[in-house]
Amino acid sequence: MEKKEKMNRFEQHARYKNKLALFVTLAAIALPMISFEERHLLLFNFYHNRFEILFFAFEVNTPLLASIFVVFAVCVILVFNFTYARYFCGHLCPKTILKNLFTEVIEGKIFKIIKQKNIQNETIDKKPLQTFFAYITLGVVTLAAPLPFFFYFIPYDIFMQSVLNAFVDAPLLGMFYGAISLYLFAEILFFKEFFCSYLCPYQLVHAITYNEEKSYYAFSDKEACIACDMCVKVCPVPDLDIKKGYDPRCIACGDCSAVCADMVEAKRSTPLLVYTDAKGVKNRSRFFSFAGKKKVLLLVAATLILGIGAIATLASQKNLTSCRFVNESLH
Ligand code: SF4
Ligand code: SF4
């Protein structure tokens, strides 16, 4: 009975993350599929050379469309960095969601390989057959995982046709797709959080825009620590010990804080590890990048105005030389 209560906060936290992940995944898959009169809600349509947003379509050539995508991606990265900072990485990032799907659902729930969720360095039960099938399942999942990503660049029905034809009509696209699948498989199984810590452009912007008001996980009461080390064991980032202080590799998943709350719950009502900033400011707004809401809103507004201005300028430069419209009269 006591053990069940001890895991409650961690399980609640995992459940919250899983629900959020399901919502984000469904929304991300649906977004490029929503269309009205052949115009999509959001599509960087490299197949027909047009940028489609909010059911409007702009004819642009490939370099212009690529530029529009870069501007759009930079704006998204900045807006999330100015608001939810690293919280995005631990809760909303597709790679984190995929990793959790493997460790928690495939390994944990389906094949029951890991004794406890997300515990790095945990002794894995010697179940070679289950492990083999877990890897096969991961292979199938990582084979399908890049699909939603490609739906943002090629209309999903056209792209699915290519997939069903085994990319015989577009071998380069097939190789690119295969490389992404393979990398995802290797990242989840072998490289762990290497991409999140060192390669991800979001992390790069996060590091550049670091400031004293940005939230991160830290001790609220170091003296009360019972040195159980559970916060280190549940951390998905290899060799990260958040007790030693701020570590830029932390993806703010909150697992350490949740498990800590379970560990010390007999003595206190709050965990020793909390999401705070260098000044220890409490009762902040729900934004995690700056303590003041005004600063966040100002930066977001500036990013959006500049981004929309840049995209409008690029989209207005019509260049039909490489445009392959089936039905130009629509535009
Ligand atoms: S230190 Fe805590 S919040 Fe950061 S990645 Fe590890 S478990 Fe997640
Ligand atoms: S989980 Fe909490 S009590 Fe246990 S070592 Fe980490 S900070 Fe200390």
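For the structure, see preceding data.
Just so we're clear, the structure is a prediction, and the values are computed from it rather than from any experiment. (Residues numbered from 1 in each chain as written. Chains lettered and ligands numbered in written order. Predicted model: local features only at pLDDT ≥ 70, side-chain atom pairs only at ≥ 80, totals over all residues. Heavy atoms only, no water.)

Taken together, 13 residues lie around ligand 1, and Cys235, Cys250, Cys253, Gly254 and Cys256 are the ones closest in. Here the residues of the shell around ligand 1 are counted per class, giving eleven nonpolar, one polar and one charged. (Near = heavy atom within 4 Å. Nonpolar A, V, L, I, M, F, W, Y, C, P; charged D, E, K, R; others polar.)

Another point: the nonpolar core. As a rule of thumb, soluble globular proteins bury nonpolar side chains together. Formed by 19 residues in total, the largest nonpolar core has its most connected members in Phe44, Phe51, Val60, Ile68, Phe159 and Tyr177. Those elements that provide at least two residues to this core are strand S3 (42-45), helix H3 (62-83), helix H7 (147-150) and helix H14 (293-316). Setting aside residues no more than four positions away along its own chain, isoleucine 68 makes contact with Phe44, Phe51, Val60, Ile311, Leu314 and Ala315. Core analysis: the next-biggest nonpolar cluster, separate from the first, contains 14 residues, Cys235, Val237, Cys256 and Val264 among them. (Core = buried A, V, L, I, M, F, W, Y, C linked by side-chain atoms within 4.5 Å. Buried < 20%, exposed > 50% of the residue type's maximum accessible area, 1.4 Å probe, protein only. Helix = DSSP H or I, 4+ residues; strand = E, 2+ residues; numbered from the N terminus. Contact = heavy atoms within 4.5 Å.)

For the rest of this paragraph, the subject is the site of ligand 2. Around ligand 2 sit Phe219, Cys225, Ile226, Ala227, Cys228, Asp229, Cys231, Lys243, Cys260, Val264, Leu272 and Leu273, and that is every residue in its neighbourhood. Each residue belonging to the shell around ligand 2 can be placed in one class, and the counts come to ten nonpolar, no polar and two charged.

Another point: the environment of lysine 295. As for its position among the elements, lysine 295 is in helix H14. The partly exposed category is assigned to lysine 295, whose relative accessible area is 42%. The spacing of lysine 295 and threonine 83 is 212 residues in sequence and 9.9 Å in space, taken between C-alpha atoms. Apart from the residues within four sequence positions on either side, lysine 295 is in contact with Glu213 and Phe290.

Attention shifts here to the pairing of strand S5 (residues 56-59). Across a regular strand the side chains alternate sides, sitting on one face of the sheet and then on the other. Only one face of S5 is covered, namely the face carrying Ala57 and Glu59; the face carrying Phe56 and Phe58 is uncovered. Across four bridges, strand S4 (residues 50-53) lies against S5 in antiparallel orientation. Paired with phenylalanine 51 across the strands is phenylalanine 58, a residue of S5. Connecting the antiparallel pair S4 and S5 is a turn made up of two residues, with leucine 54 showing a positive phi of about 50°. (Pairing = 2+ DSSP bridges.)

Turning our eyes to something else, we now look at helix H5 (residues 94-110). Its 17 residues place the ends of H5 only 21 Å apart at the C-alpha level, less than the 24 Å of an ideal helix rising 1.5 Å per residue. The largest bend in H5 amounts to roughly 25° and is located at leucine 101. Regarding H5, the residues found buried are Lys95, Thr96, Ile97, Leu98, Lys99, Asn100, Phe102, Thr103, Glu104, Ile106 and Glu107. Among the structural elements, helix H2 (8-30), helix H4 (87-91), helix H6 (128-144), helix H9 (171-191) and helix H10 (194-199) are those in contact with the buried residues of H5. Positioned one or two residues after H5, lysine 112 has a phi angle of 45°, which is positive. (Expected span 1.5 Å × (residues − 1). Bend = angle between axes of the 7 residues up to and from the residue.)

Further remarks concern the environment of tyrosine 202. As for its placement among the helices and strands, tyrosine 202 is situated in helix H11 (residues 201-208). Take tyrosine 202: its relative accessible area is 5%, and that puts it in the buried class. Here the alpha-carbon distance between tyrosine 202 and phenylalanine 88, two residues 114 residues apart in the chain, equals 9.4 Å. Setting aside chain neighbours within four positions, we find tyrosine 202 in contact with Ile77, Phe80, Asn81, Ala85, Phe88 and Cys89.

Overall, antiparallel pairing links the three strands, which are arranged S3-S4-S5 in an open sheet. Strands at the two margins of the open sheet, each flanked by one partner only, are S3 and S5. The sheet shows a mean angle of 10° between the axes of neighbouring strands, taken without regard to direction. The pairing of S3 with S4 spans four bridges and is antiparallel. Among the inter-strand pairings, leucine 43 is bridged to a residue of S4, identified as glutamate 52. Running over the sheet, H3 touches S3 and S4 and is turned about 140° from S3. (Axes fitted to C-alpha atoms, helices over the stretch in contact; angles between N-to-C directions.)

Functional significance is not addressed by these values, which are geometric in nature.
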